[in-house]
Amino acid sequence: MLIFSVFKTLTDQVVTVELKNDLCITGTLKSVDQFLNIRLDKISVVDPERHPHMMAVKNCFIRGSVVRYVQIPATAVDTQLLEDATRREHASTHKR
């Protein structure tokens with residue numbers, strides 16, 4: 001659930017989502033759920049020549065199972081906090 005928590009903190013940040021069909025969409029992250037389904041607003045397609053049908057779309061819902069990568073701004077993630085949370089989660093799973 002650590003990854004889900006990271007994505008929840010990225011709400012209202014601009015992210016780029018690369019799908020398994022090679023479509024890359026940049027937009028403002030509005031919501032994410034426990035299945036890592038993503039809702040983006042104010043979207044734009046990185047390669048509009050390959051995907052002209054996406055030019056009229058302004059927001060979208062992306063099923064988590066079709067996501068290949070999510071590119072997030074480096075300034076949006078507190079790496080020290082993320083490292084500490086990872087260590088705590090690892091320690092709690094190995095105590096059992």
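Structure's up top.
Residues numbered from 1 in each chain as written. Predicted model: local features only at pLDDT ≥ 70, side-chain atom pairs only at ≥ 80, totals over all residues. Heavy atoms only, no water.

Draft legend 1. Here's a closer look at the overall build of the chain. A tally of regular secondary structure across the chain gives two helices and five strands. When the helices and strands of the chain are listed from N to C terminus, the series reads α-β-β-β-β-β-α. Taken along its principal axes, the extent of the C-alpha atoms in the chain is 50 × 25 × 20 Å. Across the 96 residues in the chain, those meeting the buried criterion constitute 31%. In the chain, 47% of the contacts between residues at least 6 apart in sequence involve partners at least 24 apart. Entry remark: accessible area of the chain is about 6700 Å², with carbon and sulfur atoms responsible for 56%. (Helix = DSSP H or I, 4+ residues; strand = E, 2+ residues; numbered from the N terminus. Buried < 20%, exposed > 50% of the residue type's maximum accessible area, 1.4 Å probe, protein only. Contact = heavy atoms within 4.5 Å. Areas by Shrake-Rupley, 256 points an atom, 1.4 Å probe, with all protein chains shown as cover.)

Draft legend 2. Structural detail: the layout of surface pockets. The calculated volume of the largest pocket comes to roughly 180 Å³. Leu2, Ser5, Val6, Thr9, Ala76, Val77, Asp78, Leu81, Leu82, Ala85 and Arg88 together form the lining of the largest pocket. Contributing elements (two or more residues each) for the lining of the largest pocket: helix H1 (2-9) and helix H2 (79-94). Its residues placed into classes, the lining of the largest pocket shows seven nonpolar, two polar and two charged. (1 Å grid on protein atoms, 1.4 Å probe; cavity = no way out; pocket = protein on both sides within 12 Å on 5 of 7 lines; lining within 4 Å. Points joined across faces, edges and corners; volume = space filled by probe spheres on them. Nonpolar A, V, L, I, M, F, W, Y, C, P; charged D, E, K, R; others polar.)

Draft legend 3. Structural context of the nonpolar core. One finds Val17, Leu19, Ile25, Ile38, Leu40 and Ile62 to be the most contacted residues of the largest nonpolar core, which totals 18 residues. Of all elements in the fold, only H1, strand S1 (14-19), strand S2 (24-32), strand S3 (38-45) and strand S4 (59-62) reach the threshold of two or more residues within this core. Per element, the largest residue contribution to this core is four residues, and it comes from S3. Setting aside residues no more than four positions away along its own chain, Ile62 makes contact with Val17, Leu19, Ile25, Leu36, Asn37, Ile38, Leu40 and Val67. (Core = buried A, V, L, I, M, F, W, Y, C linked by side-chain atoms within 4.5 Å.)

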